[in-house]
Amino acid sequence: QVQLVESGGGLVQAGDSLRLSCAASGRAIVTYAMGWFRQPPGKGREFVAAITRTGDITYLADSVKGRFTISRDNAKNTGYLQMNNLTPEDTAVYYCAAGPLRGSLLRAGSQYNYWGQGTQVTVSS
């Protein structure tokens with residue numbers, strides 16, 4: 001079992017940056033790929049970013065390419081989502097997830113085994 005706790009969300013203005021963290025406990029996170037998903041108000045969950053177990057490959061949604069970066073520090077059992085140049089369209093609850101996934105499955109939320117409780121990101125115009 002893995003427990004995931006997100007932090008770092010908040011209210012910011014358009015153009016600002018935030019870094020979300022996802023702290024894992026219960027089992028070494030190096031066992032799992034990690035992903036970030038978000039759910040905007042009134043919409044379904046959508047893929048944002050994912051990273052392989054070792055961090056050698058990352059995937060980003062087209063809507064965040066060039067602005068967001070996903071990374072991880074397995075020694076600290078923590079994953080990160082650096083978000084730059086935020087826009088109001090990035091407003092959502094952001095969730096981190098973990099699972100024993102590879103390749104294109106990292107984009108599929110349904111394939112992840114473990115989820116955090118979410119952290120709210122609100123971007124004002």
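Here goes a summary of the coordinates provided. (Residues numbered from 1 in each chain as written. Predicted model: local features only at pLDDT ≥ 70, side-chain atom pairs only at ≥ 80, totals over all residues. Heavy atoms only, no water.)

1. Section: the overall build of the protein
Argument step 1. The helix and strand tally for the protein stands at 0 helices and 11 strands.
Argument step 2. Beginning at the N terminus, the succession of helices and strands in the protein can be written as β-β-β-β-β-β-β-β-β-β-β.
Argument step 3. Taken over the C-alpha trace, the protein has a radius of gyration of 13 Å; the compact-globule value for 125 residues is 14 Å, and the two agree within 12%.
Argument step 4. Its C-alpha atoms give the protein principal-axis dimensions of roughly 40 × 25 × 25 Å.
Argument step 5. Counting only residues that meet the buried cut, the protein has 46% of its 125 residues in that class.
Argument step 6. Look at the contacts in the protein between residues 6 or more apart in sequence, and 59% of them connect residues 24 or more apart.
Argument step 7. Total accessible area on the protein stands at roughly 6000 Å², and carbon and sulfur atoms take up 47% of it. (Helix = DSSP H or I, 4+ residues; strand = E, 2+ residues; numbered from the N terminus. Rg over C-alpha atoms; globule rule 2.2 N^0.38 Å. Buried < 20%, exposed > 50% of the residue type's maximum accessible area, 1.4 Å probe, protein only. Contact = heavy atoms within 4.5 Å. Areas by Shrake-Rupley, 256 points an atom, 1.4 Å probe, with all protein chains shown as cover.)

2. Quick notes on the state of the cysteines
Argument step 1. As enumerated under the stated definition, the model contains 1 disulfide in all.
Argument step 2. Residue pairing for Cys 22: its cysteine sulfur links by disulfide to Cys 96, the two sulfurs lying 2.0 Å apart. Here the disulfide of Cys 22 and Cys 96 is right-handed, its torsion about the S-S bond being about 55°. Placement of the pair is Cys 22 in strand β3 (residues 18–25) and Cys 96 in strand β9 (residues 92–99), with a sequence separation of 74 residues.
Argument step 3. Residue classification places Cys 96 among the buried residues on the basis of a relative accessible area of 0%. (Disulfide = S-S within 2.5 Å.)

3. Here's the deal with the side chain of Arg 38
Argument step 1. Inspection of the secondary structure puts Arg 38 in strand β4 (residues 33–39).
Argument step 2. Residue classification places Arg 38 among the buried positions, given a relative accessible area of 4%.
Argument step 3. Here Asp 90 takes part through its side chain, which lies 2.9 Å from a polar atom of the side chain of Arg 38.
Argument step 4. Polar side-chain contacts of Arg 38 include one of 2.9 Å to the side chain of Tyr 94.
Argument step 5. Once residues within four sequence positions are removed from consideration, Arg 38 is found in contact with Gly 44, Arg 45, Glu 46, Val 48, Ser 63, Val 64, Phe 68, Glu 89, Asp 90, Ala 92, Val 93 and Tyr 94. (Polar contact = N/O pair within 3.5 Å; in protein donor to acceptor, adjacent residues only side chain to side chain.)

4. Re the side chain of Thr 119
Argument step 1. With respect to the helices, strands and loops of the structure, Thr 119 is situated in strand β11 (residues 119–124).
Argument step 2. Side-chain polar atoms of Thr 119 contact the backbone nitrogen of Gly 9, separated by 3.3 Å.

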